[in-house]
Amino acid sequence: AVGLLILVAAFGVSPTSPGGKAGYLAVRAPGLTWLTHVAARRSDRMLRAVLRTLLHRPDAVTGELLAQVKAVLDRPGAGAAWASFQHDEVRWRGPRAYFVDELASLGCPVVLLAGEHDGLVSPADVRAAADRIPGSRYRQLPDAGHWLPRDAPGPVVAELTDLLDRTRYRR
């Protein structure tokens, strides 16, 4: 049984796909995902631009992060799983995954953390999902984007520590 669920920059709580109809078309455009993947591997400028869609703080996109992401992108088949997920998930009428009703039926405390500047999953959608889940708690972290643990590590740790301190789940 689930005793506590903490959703950090949750996917599956928004009725719309990132980018809406344009996002759908971008996912379906032949070769665009592959081209973006190749460009991000070859160009620091392109990779920084991609990472800035996930991160709000400019200083969060460091040389170390670029090197780590490039190492992952250089693995054989690195983009295949992501492209497959996007193609299956992103639909004209919205994402395949929309779990708000299922979350509401869990019967355990649910905490949803969202970045104030999340451009992929709207904080308004996360708040609306929290409003539909009985007993849930919504927290919006200021000056943060979608990749919360990277963009706002201190506030994320503080929220998680506070939650664990206030529950019986701390060991």
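The coordinates are above.
Here the structure is a predicted model, which is why all the values come from computation and not from measurement.

Looking at where proline 76 falls in the secondary structure, it is placed in the loop between α4 (63-73) and α5 (78-89). Proline 76 sits 53 residues away from glycine 23 along the chain, and the two C-alpha atoms are 26 Å apart.

Quick look at empty space enclosed by the protein now. Counting across every chain of the model gives one cavity of 30 Å³ or more. Approximately 40 Å³ is the volume found for the largest cavity. As for the largest cavity, its lining consists of Phe11, Gly12, Val13, Ser14, Thr16, Pro18, Pro95, Ala97, Leu120 and Val121. Residue classes in the lining of the largest cavity are distributed as seven nonpolar, three polar and no charged.

A few words now on the layout of surface pockets. Considered as a void within the structure, the largest pocket measures approximately 1100 Å³ in volume. Lining the largest pocket are 31 residues, and of these Val50, Thr53, Leu54, Trp82 and Gln86 lie nearest its centre. Listed by contribution, the elements that provide at least two residues to the lining of the largest pocket are α1 (20-28), α2 (32-42), α3 (44-52), α4 and α5. Top element by residues in the lining of the largest pocket is α5. It accounts for six residues.

Rules used throughout
- Residues numbered from 1 in each chain as written.
- Predicted model: local features only at pLDDT ≥ 70, side-chain atom pairs only at ≥ 80, totals over all residues.
- Heavy atoms only, no water.
- Helix = DSSP H or I, 4+ residues; strand = E, 2+ residues; numbered from the N terminus.
- 1 Å grid on protein atoms, 1.4 Å probe; cavity = no way out; pocket = protein on both sides within 12 Å on 5 of 7 lines; lining within 4 Å.
- Points joined across faces, edges and corners; volume = space filled by probe spheres on them.
- Nonpolar A, V, L, I, M, F, W, Y, C, P; charged D, E, K, R; others polar.

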